[in-house]
Amino acid sequence: MSEDKTAEIVLSLEIDDPTLANRLAALLGNVAGLRLAAPGETAAATIVARDPRIMPEDIALTQRELDVLALMAEGASNKMIARQLGISVHTVKFHVGSLLDKLDATGRTDAVAHAARRGVIEL
C-alpha cells in the first residue's frame, strides 16, 4: 500500500539555535504525514524560535531611546523623564513616539512590556 503524498504536511523551521533546530528536525523527521521543507521550498507551516533578547535590526533602539524606555519602565512621566535627562518634554514625546513605532506598541505600558519580553530592559 503506497502512502498518499497529497496528505503530507510540509513544515519549515526558522530557529536561531542550531542545536535546537537539529533536535527538532530529527524528531519531526520521524512523524508520519510530515515532511521538512527543502531550502527554498514553500511550506504549509513554519516553526519559528528566535532569541528574545536579540532586537531585530529594523527596531534597533538608540541609547537615548533606551534611556527614555528605562525611565518609562519606572513609571516616570514625560516631564520627569525630561528633567532627569536634561531634555525638553517635546523631545521626550518624540522619543516615546519613536519607541511606540519601533516596538509596535499601542501605548507606554505595551512598549515597556514588549521591551521586557525581548530582554532589552529588566523589570
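This is a predicted model, so every value here is computed, not measured. (Residues numbered from 1 in each chain as written. Predicted model: local features only at pLDDT ≥ 70, side-chain atom pairs only at ≥ 80, totals over all residues. Heavy atoms only, no water.)

A few words now on the side chain of Glu 65. Turning to its location among the elements, Glu 65 is positioned in helix α2 (residues 63–73). When its relative accessible area of 4% is taken as the criterion, Glu 65 is described as buried. A polar atom in the side chain of Glu 65 sits 2.9 Å from the side chain of Lys 102. Among all residues touching Glu 65, those that are not within four sequence positions of it are Ala 60, His 95, Ser 98, Leu 99 and Lys 102. (Helix = DSSP H or I, 4+ residues; strand = E, 2+ residues; numbered from the N terminus. Buried < 20%, exposed > 50% of the residue type's maximum accessible area, 1.4 Å probe, protein only. Polar contact = N/O pair within 3.5 Å; in protein donor to acceptor, adjacent residues only side chain to side chain. Contact = heavy atoms within 4.5 Å.)

Once that is clear, we can look at helix α3 (residues 78–85). For α3, the full list of buried residues reads Asn 78, Ile 81, Ala 82 and Leu 85. End-on view of α3: buried residues confined to an arc of 100°, all on one side of the axis. Opposite the packed face of α3, turned more than 90 degrees from it, sit the exposed residues Arg 83 and Gln 84. Packed against the buried residues of α3 are α2, α4 (89–102) and α5 (108–117). Taken from the residues just after α3, Gly 86 is the one with a positive phi, measuring 70°. (Arc of directions from axis to C-beta.)

Here strand β1 (residues 9–15) pairs with strand β2 (residues 34–36) via three bridges, running parallel. Following the sheet pairing, Val 10 is matched in β2 by Arg 35. Since β1 and β2 lie parallel, the crossover through helix α1 (residues 18–28) that links them has a hand, and here it is right-handed. (Pairing = 2+ DSSP bridges. Right-handed = clockwise from strand over helix to strand, strands pointing away.)

Attention shifts here to the pattern of salt bridges. Counted by the stated rule, this structure contains four salt bridges. Where Asp 67 meets Arg 64, a salt bridge forms, and the shortest distance between an N and an O atom there is 3.8 Å. Placement of both Asp 67 and Arg 64 in helix α2 is noted, with a separation of three residues, approximately one turn of the helix. On the basis of relative accessible area, Asp 67 is assigned to the partly exposed category, the value being 25%. Residues Lys 102 and Glu 65 are paired through a salt bridge, measuring 2.9 Å at the closest nitrogen-oxygen approach. Pair noted here: Lys 102 is in helix α4 and Glu 65 is in helix α2, with a separation of 37 residues, a long-range link. On the basis of relative accessibility, which here comes to 24%, the residue Lys 102 falls in the partly exposed class. The structure contains a network of salt bridges with shared partners spanning Glu 8, Arg 35 and Glu 41. (Salt bridge = Lys/Arg side-chain N within 4 Å of Asp/Glu carboxyl O.)

Here Leu 61 is to be found in the loop between β3 (45–49) and α2. For Leu 61 and Val 120, which are 59 residues apart along the polypeptide, the C-alpha to C-alpha distance reads 9.3 Å.

This part is about the environment of Ala 76. Tracing the sequence through the fold places Ala 76 in the loop between α2 and α3. For Ala 76, a relative accessible area of 9% gives the class buried. Non-local contacts of Ala 76, meaning those with residues more than four positions away in its chain, are made with Leu 71, Ile 81 and Arg 108.

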